[in-house]
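# Descriptive structure summary
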Amino acid sequence: MASKQPDSEKTYLQHRQLKRGAAGWVLLAGLGVAYVISGDFAGWNLGLAQGGWGGLLIAFVLMGIMYTCMVFGLAELSSTLPAAGAGYGFARRALGPMGGFATGMAVLIEYAVAPAAIAIFIGGYVEALGLFGLTNSWPVYLVTYAIFVGIHLRGVGEALRLIFAITAIAVVALAATVIGLLPHVSAANLFDIVPDGSPASSAFLPMGISGVVGALVYGIWFFLAIEGVPLAAEETADPKKDMPRGIIAAMLILVVFGALMLVLVPGAGGSEAMSTSDNPLPEALRHVYGENSVLAEFVNYAGLAGLVASFFSIIYAYSRQLFALSRAGYLPRWLSLTGSRRTPYWALIIPGTVGFILAAATGNGGLLINIAVFGATVSYVLLNLSHIVLRKKEPDLPRGYRTPGGVVTTSIALALAAVAVVATFVVDVLAASITAGIFGAALLYYWFYSRHHIVAGAPEEEFARLAAAEAELKN
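Not measured: the values here are computed from a predicted model. (Residues numbered from 1 in each chain as written. Predicted model: local features only at pLDDT ≥ 70, side-chain atom pairs only at ≥ 80, totals over all residues. Heavy atoms only, no water.)

A separate point is the overall build of the protein. A count of helical and extended segments in the protein gives 17 helices and two strands. The buried share of the protein, taken over its 475 residues, is 60%. A separation of at least 24 residues holds for 83% of the contacts in the protein among residues at least 6 apart in sequence. If you sum the accessible surface of the protein, you get close to 16,800 Å²; carbon and sulfur atoms cover 67% of it. (Helix = DSSP H or I, 4+ residues; strand = E, 2+ residues; numbered from the N terminus. Buried < 20%, exposed > 50% of the residue type's maximum accessible area, 1.4 Å probe, protein only. Contact = heavy atoms within 4.5 Å. Areas by Shrake-Rupley, 256 points an atom, 1.4 Å probe, with all protein chains shown as cover.)

This is how it looks when you write it as structure tokens:
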């Protein structure tokens, strides 16, 4: 591998600077919730069609354990190696440049595709409200991308504060749903999907054990993208303290809301009816209170805030991951250019354009969820492996936070992430195969081109150079 420096390192990095000190731990916690909160409003319910309520419950518990264990590992990694590359930076230090690039690309696939899926769900909520007389949602996708990419171009401080405000509205909507549905939950509604005769099928597991595997993808949707919080490391006031507090607080909030939605929405609206819904929360409320329900109308409008919060925040995440990979030379360097407001404009615009095309061309939120989840699960395997390797390889590395349970905790997450990778093929072989093909093409690009053009002065590369220098001194 050859590392290259541009003609003027100082000039190169001056044009690739982010705004520091823009976020404390409260904003980071809000960012973590915002990344994921759309998963409470739509998408998870499709897992009911895969495994019934019991299958989705088991999937939720298993993936909740996986994410909780992984978040503890990420809290340590982000407090130890705070840089915009996050997952790529962690894996770069632990697994070398190819491992870093592979992790970064898996994260980038996840974050570039997930907003496209969310845009489709936003369109579903808009159509359910009968707004603008729309019967085709592509104008919604276009306007959504244009507005929120534009806001990010204005500056990170403004974007993070607006994300926090929108997320607060979404949390109010979830609380209203809980209050509205709680008195109307019935166990019979949870188990109203007729068993299909599969091995071990029952009222609890109508699709049998295979249904649990199929539901894992949608169990992930309750938590997908929380691992993006460390991407804000270079824009955080005190990453060693703020990162662990922010990401752990976000995870706790998401577990509580995910469990409530999983029980209350199908418990009131029926698992079978909810399994195909584009807007399950308002639909469950209308089932209980009637078509003209004011509460359902409020949750429908506020639910848009939840979808927008995740859409808006994941745009932030994909831009920072692309920025970091480009700044270090793994991807074309012009993608990491920043303007006068210290925002990476090409890293915002290019994936946004790709996402809009995907949403408009497919209109299939379930397909795009499967693609995003494949990228996510591959990155989870590599992220957890990175924590384990760094603990073994560099036990004396100064750490701002240490994972409870150490490598045992991240080993649990690693094993469950590997199972989840397999589950993506069970649910949708085509989507997983397409994504695996894109991932493979990216690795070929690295092998034949970008590994010869790495920028040694990029922060993530500096971390690796320091580690190598320290190892030489010890030897």
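In this section: the pattern of salt bridges. Tallying each qualifying case throughout the model produces four salt bridges. Between E76 and R399 there is a salt bridge, with its nearest N and O atoms 2.8 Å apart. With E76 in helix α3 (residues 47-80) and R399 in the loop between α14 (365-393) and α15 (407-427), the pair connects residues that are 323 residues apart, well separated along the chain. The class of E76 is buried, set by a relative accessible area of 2%. Looking at R399, the relative accessible area reads 14%, which means it is buried. Measuring nitrogen to oxygen at the nearest pair gives 3.4 Å for the salt bridge that ties E297 to R286. (Salt bridge = Lys/Arg side-chain N within 4 Å of Asp/Glu carboxyl O.)

By the element assignment, I151 lies in helix α5 (residues 138-154). Looking at I151, the relative accessible area reads 21%, which means it is partly exposed. Each C-alpha atom of the pair I151 and F312 lies 9.0 Å from the other, and the pair is 161 residues apart in sequence.

Across the interface, α5 lies against helix α12 (residues 294-327) with an axial gap of 10 Å and an inter-helix angle of 55°. By the criterion of interaxial angle, the relationship of α5 to α12 is oblique. For α5 against α12, the interelement crossing comes out right-handed. Here T144, Y145, F148, V149, I151 and H152 of α5 lie close against α12, whose contacting residues are V308, F311, F312, I315, Y316 and Y318. Here the contact of α5 with α12 is composed, by residue class, of ten nonpolar, two polar and no charged. (Axes fitted to C-alpha atoms, helices over the stretch in contact; angles between N-to-C directions. Parallel < 35°, antiparallel > 145°, perpendicular 65-115°, else oblique. Left-handed = near helix turned anticlockwise from the far one by under 90°. Nonpolar A, V, L, I, M, F, W, Y, C, P; charged D, E, K, R; others polar.)

Turning to helix α13 (residues 345-362), a few remarks are in order. Here α13 spans 26 Å end to end across 18 residues, near enough to the 26 Å set by a 1.5 Å rise per residue. Those residues of α13 that fall on the buried side of the exposure criterion are A347, L348, P351, G352, G355, F356 and A359. Take α13 and look down its axis: the buried residues cluster within an arc of 150°, on one side only. Looking at the buried residues of α13, the elements they touch are α4 (87-129), α5, α12 and α14. Two residues or fewer past α13, G363 is found with a positive phi of approximately 60°. (Expected span 1.5 Å × (residues − 1). Arc of directions from axis to C-beta.)

The first and last C-alpha atoms of α4 sit only 39 Å apart over 43 residues, clearly below the 63 Å expected at 1.5 Å per residue. Along α4, the helix axis deviates most sharply at L95, where the bend reaches about 150°; the proline P97 sits within four residues downstream. Along α4, 39 of the 43 residues are buried, which leaves the element largely enclosed by surrounding structure. Two residues or fewer after α4 comes G130, characterised by a positive phi angle close to 70°. (Bend = angle between axes of the 7 residues up to and from the residue.)

Ranked by internal contacts, the top residues of the largest apolar core, which has 148 residues, are Y35, F41, Y67, I122, L224, I226 and Y380. Ranked by residues supplied to this core, first place goes to α4 with 23 residues. (Core = buried A, V, L, I, M, F, W, Y, C linked by side-chain atoms within 4.5 Å.)

Let's shift gears to the side chain of N384. Position of N384 relative to the elements: it lies in helix α14. N384 sits in the buried class, given a relative accessible area of 1%.

This brings us to the packing of aromatic side chains. Counted under the stated rule, the structure contains 21 aromatic pairs. On the basis of an interplanar angle of 75° and a centroid distance of 4.7 Å, the ring pair of Y145 and F311 is categorised as edge-to-face. In this pair, Y145 sits in helix α5 while F311 sits in helix α12, placing the two residues 166 residues apart along the sequence. As far as burial versus exposure is concerned, Y145 and F311 are alike and both buried. (Phe/Tyr/Trp six-rings, centres within 6.5 Å; stacked < 30°, edge-to-face > 60°.)

Relative to the assigned elements, A83 resides in the loop between α3 and α4. What makes A83 buried here is its relative accessible area of 3%. Taking the C-alpha atoms as reference points, A83 and E235, 152 residues apart in sequence, are found 8.9 Å from one another.

Once that is clear, we can look at unusual backbone geometry. Positive phi, close to 70°, is recorded for A200, a residue that is not glycine. With respect to the element layout, A200 can be found in the loop between α7 (187-190) and α8 (208-221). Even without a glycine there, the phi angle at A225 is positive, about 95°.

On to the packing of α14 against α15. In a packed pair of helices, the relevant descriptors are the angle between the two axes and the axis-to-axis distance. Between α14 and α15, the shortest axis-to-axis distance is 8 Å and the interhelical angle comes to 155°. Between α14 and α15, the interaxial angle falls into the category roughly antiparallel. Here α14 and α15 pass one another in a crossing that is left-handed. Counting all contacts with α14, which are made through N370, V373, F374, T377, V378, Y380, V381, N384, L385, H387, I388 and R391, the residues of α15 involved are V407, T410, S411, A413, L414, A417, A418, A420, V421, T424, F425 and V427. For the contact of α14 with α15, the class distribution of residues is 16 nonpolar, seven polar and one charged.

Quick look at a nonpolar patch on the surface now. Side chains of M98, L444, W447, F448 and Y449 sit close together on the surface and give an oily, nonpolar patch of about 560 Å² of accessible area. When residues in the nonpolar patch are grouped by element, the largest group, three residues, is from helix α16 (residues 429-448). Following the sequence through the fold, M98 ends up in helix α4. On the basis of relative accessible area, M98 is assigned to the partly exposed category, the value being 36%. (Patch = residues over 30% accessible without salt bridge, like charges linked within 9 Å, V, L, I, M, F, W, Y side chains within 5 Å.)

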